[in-house]
Amino acid sequence: MAVCARLCGVGQARGCRRRQQRKGPAEAAGAAAESEPDTDPEEERIEGVPVMARPVGACGASGHGGAGDPGAGLAAGGAGSPVSTCPQPPQPPARCSLLELPPELLVEIFASLPGTDLPSLAQVCTKFRRILNTDTIWRRRCREVLHRYRHILGLWQPDIGPYGGLLNVVVDGLFIIGWMYLPPHDPHVDDPMRFKPLFRIHLMERKSATVECMYGHKGPHNGHIQIVKKDEFSTKCNQTDHHRMSGGRQEEFRTWLREEWGRTLEDIFHEHMQELILMKFIYTSQYDNCLTYRRIYLPPTRPDDLIKPGLFKGTYGSHGLEIVMLSFHGKCAKGTKITGDPNIPAGQQTVEIDLMHRIQLPDVENLRNFNELSRIILEVREQVRQEQQQQQPEGQEEGPGQAPPSARECPPEPPAYQKPEQPAPAPSWGAEGGGGTEKGLEASGDGPPAAPEPAPSEGGQPFVLPAGVISRNEDYPRTCRMCFYGTGLIAGHGFTSPERTPGVFILFDEDRFGFIWLELKSFSLYSRIKATFQNAEPPSPEAFDEMLKNIQALTT
């Protein structure tokens, strides 16, 4: 019975003690003595609880009475009630299962184990596997075991000439994986992002970490990562033969084209577009064995932002879809290219929006006339130029190397616009019946006061592209919330003769906006990237601004 009780982990069975209590004192003592030798040394070793065996009749030998002394169990005062004076065997300590411990304590225990033990531990039960998947354990693994790579989690921009890119380094299961994010196939700007792994780092090693290159179609192979500095690292493939295909460069190009564009070269009839695609393949294939990455941050969010800043996919004509970061800077907003092209490389500010000059579009019929829209935008540009000349100190003239006014740093003052939920009346500065601009509180009082602008309806203002404006995606929204004057950056091949040209920024909703390039007669549609990125917040707004300057300087 004692063996059975110890296997249950509770000492002697409760029912057995009840049966002993129903017996007489002498019989109970004798039964206990007879059951005690029934032990198994192997079970005692497994349980880890020492059993103190006593010889039969030990209680009687010490003069306290035993099985042969029926009167020894009577109380000395003598009411005749049996009182057992035989000492009970020691109770084993209560057993505690790991499953009963709180998750916080299990995290601390598991985090101290070697990485090689964690995969086996994750197979024990669902609770252990769920705890082992928490970021707390793997962050600690990155700090302690993979201290050399503790800085690489987050968003990065690869240095691939003018093309750039977006790399997201995350903890994924038992690895740290670098995922390259790719825009959807042109022109489906609302489709989700695509991604493919470029490298991975094993988290199971105790003292060192195995780095594997994931590029190519032959599976993981040996790679190397070098931490250049805190916000910069490089990767190198040690087995570039895994990147080659048996069909040679032609097969590699066809495979790349299907992955990059979702089509074959025969499906692309535009000759200039074919040249751009072939140029990109030749240029990017030079970086398949060694790449340098620089950290980028997501833009900080402020309560008075027009919409939530972040990453967007945008259409750029023959160049396909590109990734743009929208950020707000007081009186203006900026769209910075994360991926680029030979004309406007990654890191440059593709669009800049003047939030102080809102444009009231004409009705749909007049909006179809491109000349009417052009007249409105050019009037606003002249107005902005005059205001900047008035603000410029006397005697100060723009030098030949000074940036144009539209490209200068935005002032830190808060914007004068209000969100659509609380529209603010503003004087009209456009022509009669043809739309115009809305200026903020800085409007002069020379002209007659204009009627307040009506609040935008729930569905927004009707919108249609003017005749002659080219759009890669005809499935653009037909209503918009508001429009602002802005400038877009254009340049020749190789980023030659860059200049900012006027345009109009159209806000459709929280996740989509557009830009009409007046000089190019082109329309770009942007859609928000809805992926969740961790470890991408800037330490401070100043750090984010410094990051923008750095990535722009690399391609200037």
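As a reminder, the structure under discussion sits directly above these lines.
Please read all numbers here as calculations on a predicted model, not as lab measurements.

How should I be thinking about the overall build of the protein chain in this particular structure?
Looking only at helices and strands, the protein chain has 14 helices and 20 strands in total. Expressed as a percentage of contacts within the protein chain between residues at least 6 apart in sequence, the contacts between residues at least 24 apart total 60%.

Got a minute to help me understand the pattern of salt bridges in this structure?
A side chain of one charge can pair with a side chain of the opposite charge if their charged atoms are brought near each other. All chains considered together, the criterion is met by 20 salt bridges. The salt bridge partner of D159 is R294, with a shortest N-O separation of 3.4 Å. Taken together, the positions of D159 in the loop between β1 (154–158) and β2 (166–172) and R294 in strand β8 (residues 290–295) put the pair 135 residues apart, joining distant regions of the chain. Exposure remark for R294: the relative accessible area of 22% places this residue in the partly exposed category. Within this structure, D159, K229, E232 and R294 form a network of salt bridges that share partners.

I would appreciate a short explanation of the sheet that holds β1 in the present structure.
Sheets are built from strands that pair by backbone hydrogen bonding, the pairs being arranged parallel or antiparallel. Spatially, β1-β2-β3-β4-β5-β6-β7-β8 is the arrangement adopted by the eight strands of the closed barrel, whose pairing is antiparallel. Ignoring strand direction, the axes of neighbouring strands in this sheet form an average angle of 35 degrees. Bridge count between strand β7 (residues 232–237) and β8: five bridges; the pairing is antiparallel. Opposite E232, over in β8, you have R294 as the bridge partner.

Which parts of the structure should I look at to understand helix α11 (residues 271–284)?
Side chains that are three or four residues apart share a direction in an α-helix, a result of its 3.6 residues per turn. Here α11 spans 20 Å end to end across 14 residues, near enough to the 20 Å set by a 1.5 Å rise per residue. Tucked inside the fold, the buried residues of α11 contact α10 (248–261).

I tried to follow the state of the cysteines on my own but got confused; where do I start?
Tallied over the entire structure, the rule returns zero disulfides. C480 carries a free sulfur, and the closest cysteine sulfur to it, the one in C483, is 4.1 Å from it. For C483, a relative accessible area of 1% gives the class buried.

What is the right way to read the environment of D509 from this model?
One can find D509 in strand β18 (residues 496–509). The spatial distance from the C-alpha of D509 to the C-alpha of P477 is 9.1 Å, given a sequence separation of 32 residues. Here D509 is in contact with I307 and R481, once residues within four sequence places are set aside. Within the structure, the side chain of D509 is placed 2.9 Å from the backbone nitrogen of D511, a separation counted as a polar contact. Polar contacts involving the side chain of D509 include one to the main-chain amide nitrogen of R512, which spans 2.8 Å.

Is there a simple way to explain the nonpolar core in this structure?
Soluble, globular proteins show a tendency: their nonpolar side chains are buried together. Membership of the largest hydrophobic core comes to 26 residues, with the highest contact counts inside it found for I359, L361, F463, I506, I516 and F523. Elements that contribute at least two residues to this core include exactly α13 (370–391), β17 (482–492), β18 and β20 (522–528). Among the elements that line this core, the one with the most residues is α13, at six residues. By size, the runner-up hydrophobic cluster in this structure holds 21 residues, among which are Y297, A536, F544 and M547.

Hey, could you run me through the packing of α10 against α11 in this one?
The description of two packed helices rests on the angle between their axes and on the distance between the axes. Contact geometry for α10 and α11: axes closest at 11 Å, N-to-C directions at 110 degrees. Our classification of the angle between α10 and α11 gives roughly perpendicular. Judged by the twist between their axes, the crossing of α10 over α11 is right-handed. Facing α10, whose interface residues are R249, E252, F253, W256, L257, E260 and W261, α11 presents M273, I277, L278, K280, F281 and T284. Partitioned by chemical class, the residues of the contact of α10 with α11 number eight nonpolar, one polar and four charged.

Parameters at a glance
- Residues numbered from 1 in each chain as written.
- Predicted model: local features only at pLDDT ≥ 70, side-chain atom pairs only at ≥ 80, totals over all residues.
- Heavy atoms only, no water.
- Helix = DSSP H or I, 4+ residues; strand = E, 2+ residues; numbered from the N terminus.
- Contact = heavy atoms within 4.5 Å.
- Salt bridge = Lys/Arg side-chain N within 4 Å of Asp/Glu carboxyl O.
- Buried < 20%, exposed > 50% of the residue type's maximum accessible area, 1.4 Å probe, protein only.
- Pairing = 2+ DSSP bridges.
- Axes fitted to C-alpha atoms, helices over the stretch in contact; angles between N-to-C directions.
- Expected span 1.5 Å × (residues − 1).
- Disulfide = S-S within 2.5 Å.
- Polar contact = N/O pair within 3.5 Å; in protein donor to acceptor, adjacent residues only side chain to side chain.
- Core = buried A, V, L, I, M, F, W, Y, C linked by side-chain atoms within 4.5 Å.
- Parallel < 35°, antiparallel > 145°, perpendicular 65-115°, else oblique.
- Left-handed = near helix turned anticlockwise from the far one by under 90°.
- Nonpolar A, V, L, I, M, F, W, Y, C, P; charged D, E, K, R; others polar.

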